[in-house]
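# Observations on the three-dimensional arrangement
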Amino acid sequence: MMSEKKTVTLKIKRQDGPESAPYEETFTIPYRQNMNVISALMEIRRNPVNAKGEKTTPVIWEMGCLEEVCGACSMVINGKPRQSCTALLDQLEQPISLAPMTTFPVVRDLAVDRSRMFDALKKVKAWIPIDGTYDLGPGPRMPENKRQWAYELSKCMTCGVCLESCPNVNSRSEFIGPAAVSQVRLFNAHPTGAMNKEERLEGLMGDGGLANCGNSQNCVQSCPKGIPLTTSIAAMNRATSLQTFKNFFGSDH
Amino acid sequence: MAASRDFVSRKLHSLLGVIPLGLYVTQHLTVNYFATRGPEAFNDAAHFMESLPYRYLLEIFVIFLPLLFHAIYGVYIAFQSKNNVSRYGYLRNWMFYLQRISGVIVLIFVTWHVWQTRLQAAMGAEVNFQMMADILSNPAMMIFYIVGVLGTVFHFANGLWSFFVSWGFTVTPKSQRAMTYVTMIIFVALSVVGMRALFAFV
Ligand code: HEM
Ligand code: SF4
Ligand code: FES
């Protein structure tokens, strides 16, 4: 079959290092069927020549699973933060613009440092401590109806899109962002996790915590996993309100 | 287990916006509404408010101190956010943005309004129907008051929506949507009250 020589044009916002100034570079690459943004970036890596025909450095990005479950490959594609592994070129308007997310510090080119999110998860103790010196046997059972909604929350892949969309997560604020709030709801819903639920709520009530949310509700509109983030936020608002009451007036529960 | 500064300040800011500030604004607009019944009715109502017992305590603890804290911390919150309605044009994001813009409008309006009425009263002027009629006979002042009152009423009504989320009353999307309608009805109703009172002076 004769090739029609179809090409794809990408305008990429690049940055050589954390401290250097960003610049834009355009690439025109040969089109193949069913390409996604990552295969386009791989093409550039294979042949790092920009649209002017100059040899340049390969564009750096992060990836892991290639099936939208690890969250590592998030970037701003045509103005929208999303995963590059599931961004199909056929569905994107050209020239395709790629830029790193703005909420996180740039490591290089499209790779950003999402430490802020992992620090937030540590702050709210988003795990269930079960390690002990002996086998404690099976834990309490979880009701099926609860498991169903909790499962939706467990789909979070720490991709950062909700933080990117949030007007209150930025360099001027310490706000932990929606993802970690929803993770507290997840682990507090778990029957074993619930044994430490106060510790997680205390984390949410710390500086940079849940109270910094201003209810713009962009997060729930943006989450690629459809996680009901604003329901989690409101539910944790209720839990922390009750916790404050218990802390002050006292409670055995 | 001491609660953090962020948490306490934010919760206090949220609470003060409704209790007492929101209640006070509603009460104030209601008293002003007496103007629709003529100068005498307004003067009587205003005089009744002025002659409440321990008036200064009420003014300081129900209005002045809560307003001072809410306003100062409100400006800090407002300038901490990076608004992005051009990229995320959803209704609630617009409301988030308008909450901050209206907050700044309230700050300017209330500062001026307090200077023009309460502080003048403290310096010997009498606050009555005639005073407001004189102020509002100036079309520029009338526009300023219309914007100020609408801005304040919006800020309170939309703030009430946010308050119900911030304290965990409205958790489900359904209840939050219902609250959007309820608070917008409050916005329209209080706007009618405020506008009718303003136009009663001209
Ligand atoms: C008449 C006086 C005022 C009233 C009745 C009022 C009322 C309210 C209410 C009810 C809220 C919602 C609280 C919540 O989200 O839980 C609020 C939020 C807010 N107010 Fe006011 N307010 C007043 C004056 C001001 C002023 C002068 C400013 C200064 C700019 C301001 C800035 C803000 C901001 C930024 C928020 C949003 C807080 C957030 O979403 O985190 N307010 N206000
Ligand atoms: S909640 Fe959704 S948008 Fe936020 S990090 Fe998790 S998967 Fe990404
Ligand atoms: S590579 Fe894992 S989500 Fe894209």
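As the structure is a computational prediction, the values presented were derived from the model and not from experiment.

### Here we look at the nonpolar core
Ranked by size, the top nonpolar core spans 40 residues in total, and within it Val124, Leu163, Ile176, Val181, Leu204 and Met236 of chain A carry the most contacts. Among the secondary structure elements, those contributing two or more residues to this core are helix H2 (115-123), helix H3 (144-153), helix H4 (161-165), helix H5 (178-189), helix H6 (197-204) and helix H8 (229-249) of chain A together with helix H6 (139-166) of chain B. Examining the composition of this core, we find that 6 residues originate from one element, H5 of chain A, more than from any other. Split by domain, the residues of this core number at least three in each of domain 1 (7-112) and domain 2 (115-249) of chain A.

### Remarks on the sheet that holds strand E1 (residues 7-14) of chain A
All names here are of chain A. The mixed open sheet is built from 5 strands, whose spatial order is E2-E1-E5-E3-E4. In this open sheet, the two edge strands, each paired with only one partner strand, are strand E2 (23-30) and strand E4 (80-83). Here the average twist between neighbouring strands, direction ignored, is 30°. Note: strand E3 (residues 74-77) against E4, 4 bridges, orientation antiparallel. Residue pairing for E4: Val76 is matched across the bridge by Pro81. Sitting on the sheet, helix H1 (residues 37-46) is in contact with E1, E2, E3 and strand E5 (96-99), with an inclination near 95° to E2.

### Quick notes on the domain arrangement of chain A
Residue and element names in this part refer to chain A. Domain boundaries in chain A define domain 1 (7-112) and domain 2 (115-249). Distance from the C-alpha centre of domain 1 to the C-alpha centre of domain 2: 31 Å. Counting from both sides, the interface comprises 13 residues of domain 1 and, opposite them, 11 residues of domain 2. If you sort the residues of domain 1 by the area they bury against domain 2, Glu68, Thr103 and Phe104 come out on top, with a joint share of 47%.

### Examining the interface of chain A and chain B
Listed per partner, the contact involves 36 residues of chain A and 31 residues of chain B. Considering only the surface of chain A that becomes buried against chain B, Arg172, Ala211 and Asn215 of chain A emerge as the three largest contributors, covering 18% of it. Between chain A and chain B we count 0 salt bridges in total. Between the two partners, chain A and chain B, sit 20 residue pairs in polar contact (both at pLDDT 80 or more). Residue assignment for the side of chain A that touches chain B shows that the elements contributing at least two residues are H4, helix H7 (218-222) and H8 of chain A. For the side of chain A that touches chain B, the residue count by class is 7 nonpolar, 24 polar and 5 charged.

Calculation notes
- Residues numbered from 1 in each chain as written.
- Chains lettered and ligands numbered in written order.
- Predicted model: local features only at pLDDT ≥ 70, side-chain atom pairs only at ≥ 80, totals over all residues.
- Heavy atoms only, no water.
- Core = buried A, V, L, I, M, F, W, Y, C linked by side-chain atoms within 4.5 Å.
- Buried < 20%, exposed > 50% of the residue type's maximum accessible area, 1.4 Å probe, protein only.
- Helix = DSSP H or I, 4+ residues; strand = E, 2+ residues; numbered from the N terminus.
- Domains from an automatic or database assignment.
- Pairing = 2+ DSSP bridges.
- Axes fitted to C-alpha atoms, helices over the stretch in contact; angles between N-to-C directions.
- Contact = heavy atoms within 4.5 Å.
- Buried area = accessible area lost by both parts, 1.4 Å probe.
- Salt bridge = Lys/Arg side-chain N within 4 Å of Asp/Glu carboxyl O.
- Polar contact = N/O pair within 3.5 Å; in protein donor to acceptor, adjacent residues only side chain to side chain.
- Nonpolar A, V, L, I, M, F, W, Y, C, P; charged D, E, K, R; others polar.

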